[in-house]
Number of protein chains: 2
Amino acid sequence: MEVAEEEFLMKGFSGARTVEIAERAGVSHSMLHYYYKTKEQLFEHVMGEKLQRLKESVTTVFMIEDMPVVEKVVELVVRHFEFLSENPDLPRFIINEVIVRPEYAEMMKREALPILEDAVARLQRELDAAAKEGEVRTMDASTLLMDIVSVNLFSFIVAPILSSVKPDMDFQAYYHARCQENVQLILNRINPDIK
Amino acid sequence: MEVAEEEFLMKGFSGARTVEIAERAGVSHSMLHYYYKTKEQLFEHVMGEKLQRLKESVTTVFMIEDMPVVEKVVELVVRHFEFLSENPDLPRFIINEVIVRPEYAEMMKREALPILEDAVARLQRELDAAAKEGEVRTMDASTLLMDIVSVNLFSFIVAPILSSVKPDMDFQAYYHARCQENVQLILNRINPDIK
DNA sequence: ATTTTGTTGAACAAAAATGTTAAACAATTT
DNA sequence: AAATTGTTTAACATTTTTGTTCAACAAAAT
């Protein structure tokens, strides 16, 4: 699975070769087709797993009891950011595949949307409760989630451009700073006393 | 050529099919191979043309006589921005191909670097002359060009993210505003009296 | 008018990639 | 111990894609 993920991310769906995946993974070519009939199925499994891990890291936040919603939001931003740190070229890959293979866009809608909707629903409930107590501003959970996703994605999309302009930059420091800035930005967004 | 460009941009090098390109272009399959022995050669021709047009739109600025260098820089920003407007998904495509096909990165270095170096040399000469007169700050032409490229690219890379957050946004207005902002940003950068 | 060049269609060769199958054997489960 | 499941090798079938060739004909150049 690791090798398959690498090959797909590096070469795209149409560029990746099942034979090479098998070879690099040290298993026989037949094996791949024994478990996954087609390249398409292998791909869906790999991407499904990725989404699964994203979902886990994000939705377990809502399982934490007795945590104020503000802290949960912070945790959400940080976990999403960390997921991106571990998968820095997943966004490029997805954007590309969505354009290159319309059927993949379908799959994404099918798989990713329910996860998002689930998170939106949970978040909305907690936000509404907290808003009643005056802890946060009254707001749309979907808007807030979109803000979180885009502000984080942004940091990773800009990174390569920055590094091409400043080739000697310290990525570690950059990511650390960006994550904190993003947290602050989102905190301001839900703070009832600002703006 | 138009169809080939579309197919390559939409499906990537490995996803594009020579048969489909021929079919869609209304020419016979044989014809493609009559003129371009291989898919690789066709690709190189298409991308070469693209680069050529970028080069023309950019370097003809230096041919304009009796134009102050500050105005030439403005013209440079605007022309590069316009080129990107006409080729909005070229950046995504190039970033992707560079990662997916290392040999393409080589080709880019071979083809694009000389163009850049040529522009840098011309610009440096004019900047130096203008700096002596106190019209602009003393500065590196390569740095300035990198600033122009990255600030413009940025506007186009952010666009899809913005539109996903605000699906009803007015692109026409956005691009118009961004171009002017970028011009201003670069003008501030060469202004000898600021900072 | 003749030669060269461009173009097509159709068939086909070659290569590359995917997907299948069967025989043999190892590992695991029952 | 027997049955099931996992795995490999190696061959092979299929499909997809790329690249070639040739005969015929049109268009353009000489």
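Above this note sits the structure.
Now for a description of the structure that goes with this document. (Residues numbered from 1 in each chain as written. Chains lettered and ligands numbered in written order. Predicted model: local features only at pLDDT ≥ 70, side-chain atom pairs only at ≥ 80, totals over all residues. Heavy atoms only, no water.)

1. What to know about empty space enclosed by the protein
Using the criterion set out here, one finds 1 cavity of 30 Å³ or more in the structure. In this structure, the largest cavity is lined by 14 residues; those nearest its centre are Lys 11, Ser 14 and Asn 96 of chain A together with Ser 14 and Asn 96 of chain B. Listed by contribution, the elements that provide at least two residues to the lining of the largest cavity are helix H1 (2-15) and helix H6 (90-100) of chain A together with helix H1 (2-15) and helix H6 (90-100) of chain B. Split into classes, the residues belonging to the lining of the largest cavity amount to 4 nonpolar, 6 polar and 4 charged. (1 Å grid on protein atoms, 1.4 Å probe; cavity = no way out; pocket = protein on both sides within 12 Å on 5 of 7 lines; lining within 4 Å. Points joined across faces, edges and corners; volume = space filled by probe spheres on them. Helix = DSSP H or I, 4+ residues; strand = E, 2+ residues; numbered from the N terminus. Nonpolar A, V, L, I, M, F, W, Y, C, P; charged D, E, K, R; others polar.)

2. Examining the side chain of Glu 7 of chain A
Residues and elements named next belong to chain A. With respect to the helices and strands, the residue Glu 7 is situated in helix H1. We classify Glu 7 as buried; its relative accessible area is 3%. For Glu 7, the side chain forms a polar contact with the side chain of Arg 24, separated by 2.7 Å. (Buried < 20%, exposed > 50% of the residue type's maximum accessible area, 1.4 Å probe, protein only. Polar contact = N/O pair within 3.5 Å; in protein donor to acceptor, adjacent residues only side chain to side chain.)

3. Topic: the relation of the copies chain A and chain B
Superposition of the two copies of the chain requires a rotation about an axis together with a shift along that axis. Rotating chain A by 180° and translating it 0.0 Å along the rotation axis places it on chain B, where the RMSD comes to 0.1 Å. In the structure described here, the two chain copies are related by an operation that fits a two-fold rotation axis. Closest approach to the rotation axis among the C-alpha atoms of chain A is made by Ser 14 of chain A, whose C-alpha sits 3.1 Å away. Of all interface residues in chain A, 100% are interface residues in chain B too; the two copies therefore contact each other through one and the same surface. (Least-squares fit on C-alpha atoms with pLDDT ≥ 70 in both. Contact = heavy atoms within 4.5 Å.)

4. Looking at unusual backbone geometry
Phi at Asp 66 of chain A takes a positive value of approximately 55°, unusual for a residue other than glycine. Examined against the element boundaries, Asp 66 of chain A turns out to sit in the loop between helix H4 (39-59) and helix H5 (69-86).

5. Let's talk about H1 of chain A
Taking 1.5 Å per residue as the helical rise, H1 of chain A with its 14 residues ought to reach 20 Å, whereas the 17 Å between its terminal C-alpha atoms falls clearly short. For H1 of chain A, the principal kink sits at Leu 9 of chain A and spans about 80°. Listing the buried residues of H1 of chain A in full gives Val 3, Ala 4, Glu 5, Glu 7, Phe 8, Leu 9, Gly 12, Phe 13 and Gly 15 of chain A. Buried residues along H1 of chain A sit against helix H2 (18-25), H4 and H6 of chain A together with H1 and H6 of chain B. (Expected span 1.5 Å × (residues − 1). Bend = angle between axes of the 7 residues up to and from the residue.)

6. Things to note about a nonpolar patch on the surface
Residues and elements named next belong to chain B. Among the surface-exposed residues, Val 27, Met 31, Tyr 34 and Tyr 35 lie close enough to one another that they form a single nonpolar patch of about 450 Å² accessible area. Tracing the sequence through the fold places Val 27 in the loop between helix H2 (18-25) and helix H3 (29-35). The exposure class assigned to Val 27 is partly exposed, which follows from its relative accessible area of 39%. (Patch = residues over 30% accessible without salt bridge, like charges linked within 9 Å, V, L, I, M, F, W, Y side chains within 5 Å. Areas by Shrake-Rupley, 256 points an atom, 1.4 Å probe, with all protein chains shown as cover. Salt bridge = Lys/Arg side-chain N within 4 Å of Asp/Glu carboxyl O.)

7. What about the side chain of Thr 18 of chain B?
Residues and elements named next belong to chain B. Tracing the backbone shows Thr 18 in helix H2. Residue Thr 18 is classed as buried on the basis of its relative accessible area, which comes to 17%. If we skip the residues at most four places from it in the chain, Thr 18 touches His 29, Leu 32, His 33 and Lys 39.

8. What about the packing of aromatic side chains?
Counting across every chain of the model gives 27 aromatic pairs over all chains. Measuring from centroid to centroid gives 5.7 Å for Phe 171 of chain A and Tyr 175 of chain A, while their planes differ by 40°, and the two rings are tilted. A residue pair is termed a helical-turn pair when its members lie 3 or 4 positions apart in one helix, as Phe 171 of chain A and Tyr 175 of chain A do in helix H9 (residues 171-190) at 4 residues. Ring centres of Phe 8 of chain B and Phe 13 of chain B lie 5.9 Å apart, and the angle between their planes is 10°; on these two criteria the pair is classed as stacked. Directly above the ring of Phe 13 of chain B sits Arg 101 of chain B, whose terminal nitrogen or CZ lies 3.6 Å from the centroid. (Phe/Tyr/Trp six-rings, centres within 6.5 Å; stacked < 30°, edge-to-face > 60°. Lys NZ or Arg CZ within 6 Å of the ring centre and 35° of its normal.)

9. Notes on the protein's contact with DNA strand D
Of all residues adjacent to DNA strand D, which total 16 residues, the nearest are Ser 30 and Tyr 35 of chain A together with Arg 17, Thr 18 and Lys 39 of chain B. Per the 4 Å cut-off to the protein, sugar and phosphate atoms form 60% of the nearby atoms of DNA strand D. Between DNA strand D and Ala 16 of chain B there is a distance of 3.2 Å, counted from a phosphate oxygen to a backbone nitrogen or oxygen. Those elements that provide at least two residues to the surface near DNA strand D are helix H3 (29-35) of chain A together with H2 and H3 of chain B. If you tally residues by element for the surface near DNA strand D, the top one is H3 of chain A, at 4 residues. A class-by-class count of the residues in the surface near DNA strand D yields 6 nonpolar, 8 polar and 2 charged. (Near = heavy atom within 4 Å.)

10. Section: the packing of helix H7 (residues 102-132) of chain B against helix H8 (residues 141-165) of chain B
Residues and elements named next belong to chain B. Interhelical geometry of H7 versus H8 gives an angle of 120° and a closest axis separation of 8 Å. Crossing hand, H7 versus H8: right-handed. Contact residues: H7 offers Leu 116, Ala 119, Val 120, Leu 123, Gln 124 and Leu 127, while H8 offers Ala 141, Ser 142, Leu 144 and Leu 145. Grouping the amino acids of the contact of H7 with H8 by side-chain chemistry returns 8 nonpolar, 2 polar and no charged. (Axes fitted to C-alpha atoms, helices over the stretch in contact; angles between N-to-C directions. Left-handed = near helix turned anticlockwise from the far one by under 90°.)

11. Points about the protein's contact with DNA strand C
Near DNA strand C lie 16 residues; those nearest to it are Arg 17, Thr 18 and Lys 39 of chain A together with Ser 30 and Tyr 35 of chain B. Sugar and phosphate atoms form 67% of the subset of DNA strand C atoms that lie within 4 Å of the protein. Contact between DNA strand C and Thr 18 of chain A: a phosphate oxygen at 2.9 Å from a side-chain N or O atom of the residue. Breaking the surface near DNA strand C down by element, the ones donating at least two residues are H2 and H3 of chain A together with H3 of chain B. Ranked by residues supplied to the surface near DNA strand C, first place goes to H3 of chain B with 4 residues. Its residues placed into classes, the surface near DNA strand C shows 6 nonpolar, 8 polar and 2 charged.

Bear in mind that shape data such as this cannot, by itself, settle questions of function.
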